[in-house]
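Read off the chains here:
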Amino acid sequence: MHNSGQSLLTSSFTNSWEITGFYLFKMNQLLQVGIRQKALYIPPIALVLEDAELRESTMVLVANLAKLGFGLSETTLRALNRCNPNYHAQVLAQVREVLGVNKNWLPLVKGWDTPTGESGWDHFITWLANIFQVQGTTLACGHIIPANTFPLERYNGCPFCGTPFETNTVLELKSQGSQQRILDLWGDAEAVQFFKDLLGSKTALDATQTDSLKLLLSVYDLPGDANIGMKETRMAVIDGLLFNGQTDRVKTMFSTPHDVLRYLWYKHTGFAQVIEPQTIIKRKESNAKHFFNPLDQSAQAKVSAQTQLKLKYSRQDCLRAASWLNKLELEPAKMCEIMHPKRSMWVRFIRALRLAEYSQRPGFEHLRTTLDLFYREDYPIWQGQVNHFRLRKDREKTLALLKQRPGLFARSLFANMLWFGPEPCLTAFQEVIDQVPARLVFTLNMYAALYFTPGGSRSVKPLGSISKKVPVHPLLAQYNKLQLQEMQMAVEDLCVLAVTKRFAAQATEHRSMYIDPLLFKMPVAIGDRSETVQDLPAALMGTRFPLEGEAVRLFMQWGEGLPAQHLDMDLSCSIAYGNRVEICSYSNLLTPACKHSGDIRSIPEQVGTAEYINIELKVLREMKARYVVFTCNAYSNGSITPNLVVGWMNSAHPMEISESTGVAYDPSCVQHQVRITTGLSKGLIFGVLDVVNQEIVWLEMPFSGQISQNMDHKNVGLLLKKLDSKISIGNLLRIKAEAQHLQLVDRPDQADEVYTQEWGRNTAGVTKLLVD
């Protein structure tokens, strides 16, 4: 790797534009990361021309970017005007790749805004015609379409089996979008600062941030003074260091045996959290189930998952892992206690890594003692002691033990308040709250109201599983409504006081602060980590997108880079009225407010295929609809296919649907989109349209089941309620201003501290406000 803070591009070239394909690849990575942050990366090496009036190549680039829904700030425009035309072409190619311009966007039906009139009877008659081989039109897939059923001139493929026959990778850009994403200028300084913000983030990185971190690790060296804020972040860093042979630096990244286990499992499964093997196996087995029993492959999927999770390591890997464990600066009993919660997994890893054998070597005495204690289970368990005294209602000893570990005390505070009563628990917790990470303090503050609400249920997401609806704590019934409200207020007041004290302890010479009003609509990134990658400017789960115009268009594209095969992904939406739910999907292509482009069940060679749903807001309002839930799911066996892209379009201008091809995708109208990378999800909720407030809430909620009807609408409502309880960045800044006696002003040029929407978009940087 290269010196920290210096990119591969600027370290190897100065005034030449003769860049090899390797360096073009690295530059594309920085362009990709920049676009996610609503910025355009321009390296110093690209600035080869003198400053002058707008050149022709620059104007052509600006026009092409406008067709894709992007604009440029003045500083970015000036910098691009000094760039070689080759770099202009590279920028345009990268933006086109992000928006999937070169993919196949043909749906099944041409001009699908006009219904084809197909019905279930048409499918039944066609099924009979193929069984008895009656006369009709034989299509390329081999199916016979009898006369007076499907209007074949309206289809790009087989209307019976959903196999596409035509593709089109030349997308006509119509510039129907009403808003542009303005790209700010990024150089190495901004990219390195973002790199450091990701490393130091005090909350777990989501899939987009993790992917950006991996891209930046391949371009920049790890800073010597890097302060890595989260255990999950270390996994990507360790991987990068090992790839570049920096094994000595890797040893400093491990502080407990669980860190070693986390990395080994991360390399084996790709999950930065330690998801139990049985959880992964059950999810994969469930995903392979099918309504039609002969197509059910759950038994094979279970065996396949078990085989994939088997551990096998080379001698080199075994010695390296043994060295990591042997050099941990912890007492053997302490190491065993940390290993105990994942004991069954450790037994597998100890055997696979031959740790018993390596512990007999000279110099591995620490590992030998640890394994001996671990096998004999001759070590105390702190959690066991807590459970022991708690079940015996020994309040003093339980709270004394909890105060030894403030983080675990915070995680169990609500339950202990119900068990022992609020006053003694809050008094004990107040003694150690200054040692609790700020993210946990805010989590307590945000979810107190949800937890202490009697009756009903809560939305939870167990590690590696889907969102579930669980009943509230049974002990809530032992308290009346007033007592529960007092508990909630006591927790919230204590948390706000603790945060205020932390802000007040920070020295500052500033006297005023400006907070962008949009920051009051942006939640702080705590608690919910998304598993999808956002290649367009990223947004936090719970972000609300205001709507323009009278239509929302959902789109889904999948299958790019894969050979032609049966791969059935479904796009659908559920419309919730006061007392009923209506679904627009492959089985119901037309509703009063929604139109579906047709069910595609197979993909063409390499270029993928697409489905759309058009939603008319005016009709929804007339029918008094409350909200619309956007979903996608895998009807085929298995989970949602990687590289599937799903999102929605919106514009103040009418969005056309091609009568000749049916293509309805316009990148300039895309408001938000996400890309599936890896995961265990069979279905995914990716947005909720609030009809009354004319806005779309972006959220990510996996669900199980082969069809969208398996989704639980009550669970969606609970998740929305949970997201609404999250503190906004604006409110957090307001607490900071009050604690530090800063005057809030209405204009940024009047303030000493300025917090804009652009600053808030860097969610990793925002976590610096979480003062520990």
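Cut-offs applied
Residues numbered from 1 in each chain as written. Predicted model: local features only at pLDDT ≥ 70, side-chain atom pairs only at ≥ 80, totals over all residues. Heavy atoms only, no water. Helix = DSSP H or I, 4+ residues; strand = E, 2+ residues; numbered from the N terminus. Rg over C-alpha atoms; globule rule 2.2 N^0.38 Å. Buried < 20%, exposed > 50% of the residue type's maximum accessible area, 1.4 Å probe, protein only. Pairing = 2+ DSSP bridges. Axes fitted to C-alpha atoms, helices over the stretch in contact; angles between N-to-C directions. Phe/Tyr/Trp six-rings, centres within 6.5 Å; stacked < 30°, edge-to-face > 60°. Parallel < 35°, antiparallel > 145°, perpendicular 65-115°, else oblique. Left-handed = near helix turned anticlockwise from the far one by under 90°. Contact = heavy atoms within 4.5 Å. Patch = residues over 30% accessible without salt bridge, like charges linked within 9 Å, V, L, I, M, F, W, Y side chains within 5 Å. Areas by Shrake-Rupley, 256 points an atom, 1.4 Å probe, with all protein chains shown as cover. Salt bridge = Lys/Arg side-chain N within 4 Å of Asp/Glu carboxyl O. Expected span 1.5 Å × (residues − 1). pLDDT = per-residue confidence, 0-100. Polar contact = N/O pair within 3.5 Å; in protein donor to acceptor, adjacent residues only side chain to side chain. Disulfide = S-S within 2.5 Å.

### Examining the overall build of the protein
Inference 1: When its secondary structure is counted, the protein shows 30 helices and 25 strands.
Inference 2: For the protein, the C-alpha radius of gyration of 28 Å lies close to 28 Å, the compact-globule estimate for 772 residues.
Inference 3: Overall, the C-alpha framework of the protein stretches about 80 × 70 × 60 Å when taken along its three principal axes.
Inference 4: When the 772 residues of the protein are sorted by exposure, 53% land in the buried category.

### Section: the sheet that holds strand β8 (residues 512-515)
Inference 1: The strand order across the open sheet built from 3 strands is β24-β8-β25, with neighbouring strands paired in parallel fashion. Only two strands of the sheet have a single neighbouring strand rather than two, namely β24 (743-745) and β25 (753-755). Taking the axes of each pair of neighbouring strands and ignoring which way they run, one obtains an average angle of 25° across the sheet.
Inference 2: Relative to β24, β8 runs parallel, the two sharing 3 bridges. Each bridged residue has a counterpart across the sheet, and for S512 the counterpart in β24 is Q743.

### With respect to the sheet that holds strand β5 (residues 181-186)
For sheets, the rule is that strands pair by backbone hydrogen bonds, running either parallel or antiparallel.
Inference 1: The strand order β1-β5-β2 describes an open sheet built from 3 strands, whose pairing is parallel. Of all strands in the sheet, those bounded by a partner on one side alone are β1 (39-41) and β2 (70-72). On average, each strand axis in the sheet is tilted by 40° relative to the strand beside it, whichever way the strands run.
Inference 2: Taken together, the 3 bridges between β1 and β5 define a ladder with parallel strand orientation. Bridging from a neighbouring strand, L40 pairs with L185 of β5.

### Focus: the packing of aromatic side chains
Inference 1: Here the structure, examined in full by the defined rule, presents 26 aromatic pairs.
Inference 2: Aromatic pair Y263 and Y266: ring centres 6.4 Å apart, planes at 40°, arrangement tilted. With a gap of 3 residues between them, Y263 and Y266 both fall in helix α11 (residues 257-269), about one helical turn apart. For the pair Y263 and Y266, one class covers both residues: buried.
Inference 3: For the ring pair Y263 and W324, a centre distance of 5.9 Å and an interplane angle of 75° mean the geometry is edge-to-face. Taken together, the residues Y263 in helix α11 and W324 in helix α14 (residues 315-326) connect sequence positions 61 residues apart. With respect to burial, Y263 and W324 carry one shared label: buried.

### A word on the packing of helix α3 (residues 56-67) against helix α4 (residues 74-81)
Inference 1: Between α3 and α4, the shortest axis-to-axis distance is 9 Å and the interhelical angle comes to 135°. As summarised for this structure, α3 and α4 are arranged oblique, according to the angle between their axes. Along this stretch, α3 crosses α4, giving a crossing that reads as right-handed. Across the interface between the two elements, T58, L61 and V62 of α3 pack against L77, L80 and N81 of α4.

### A closer look at the pairing of strand β17 (residues 607-616)
Inference 1: Burial runs high along β17: 8 of the 10 residues are buried.
Inference 2: Sheet topology note: the strand β11 (residues 551-560)/β17 ladder contains 9 bridges and is antiparallel. Paired with Q557 across the bridge in β17 is A610.
Inference 3: Sheet topology places strand β15 (residues 594-596) next to β17; 3 bridges connect them, and they run antiparallel.

### Side note on the packing of helix α22 (residues 413-420) against helix α23 (residues 422-432)
Inference 1: Where α22 meets α23, the axes come as close as 7 Å, and the angle between the chain directions of the two elements is 140°. Taken together, the axes of α22 and α23 lie oblique to each other. Counted together, L413, N416, M417 and F420 of α22 and P422, P424, C425, L426 and F429 of α23 form the full contact between these two elements.

### Overview of a nonpolar patch on the surface
Inference 1: There is a patch of nonpolar side chains on the surface, built from W121, F124, I125, W127, I131, F132 and V134 and spanning about 770 Å² of accessible area.
Inference 2: Within the secondary structure, W127 is located in helix α6 (residues 120-132).

### A closer look at helix α7 (residues 188-200)
Inference 1: For α7, spanning 13 residues, the distance from its first C-alpha to its last is 18 Å, which sits close to the expected 18 Å at 1.5 Å a residue.
Inference 2: Within the span of α7, buried status applies to D188, A191, V192, F194, F195, D197, L198 and L199.

### What about the confidence of the model for the protein?
Inference 1: The pLDDT averaged across the protein works out to 90; a share of 97% of its residues lies at or above 70.
Inference 2: Within the model, pLDDT remains below 50 along residues 1-19, and this stretch shows 50 contacts once partners closer than five positions in the same chain are excluded.

### Side note on the environment of V691
Inference 1: With respect to the helices, strands and loops of the structure, V691 is situated in the loop between β21 (683-690) and β22 (695-697).
Inference 2: Under the relative-accessibility criterion, V691 is labelled buried at 3%.
Inference 3: When the C-alpha atoms of V691 and F243 are compared, they prove to be 50 Å apart, with 448 residues separating the residues in sequence.

### Concerning the environment of R283
Inference 1: Relative to the assigned elements, R283 resides in helix α12 (residues 277-287).
Inference 2: Its relative accessible area of 12% is what places R283 among the buried residues.
Inference 3: For R283 and L680, which are 397 residues apart along the polypeptide, the C-alpha to C-alpha distance reads 6.4 Å.
Inference 4: If we ignore the near neighbours within four places in the chain, the residues touching R283 are G464, S465, I466, L680 and S681.
Inference 5: Reaching out from R283, the side chain makes a polar contact with the backbone oxygen of L680 at a distance of 2.7 Å.

### Observations concerning the environment of T500
Inference 1: Among the secondary structure elements, T500 is positioned in helix α25 (residues 481-504).
Inference 2: By relative accessible area, T500 is classed as partly exposed at 26%.
Inference 3: In sequence terms T500 and W265 are 235 residues apart; their C-alpha atoms lie 39 Å from each other.

### Observations regarding the state of the cysteines
Inference 1: Within the structure shown, the criterion is met by 0 disulfides.
Inference 2: No disulfide involves C425; its nearest neighbouring cysteine sulfur is the one of C495, lying 14 Å away.
Inference 3: Given the relative accessible area of 0%, C425 is considered buried.
Inference 4: Note on C594: no disulfide assigned, nearest cysteine sulfur contributed by C573 at a separation of 3.8 Å.
Inference 5: Judged by relative accessible area, which is 0%, C594 ranks as buried.

### So, the pairing of strand β20 (residues 670-676)
Inference 1: Counting buried positions over the 7 residues of β20 gives 7, a clear majority of the element.
Inference 2: Sheet analysis places strand β9 (residues 532-533) next to β20, joined by 2 bridges and oriented antiparallel. Bridge pairing in β20 links V533 to R675.
Inference 3: Pairing of strand β19 (residues 645-650) with β20 involves 5 bridges; the strand directions are antiparallel. Within β20, the position partnered with M649 by the bridge is V670.

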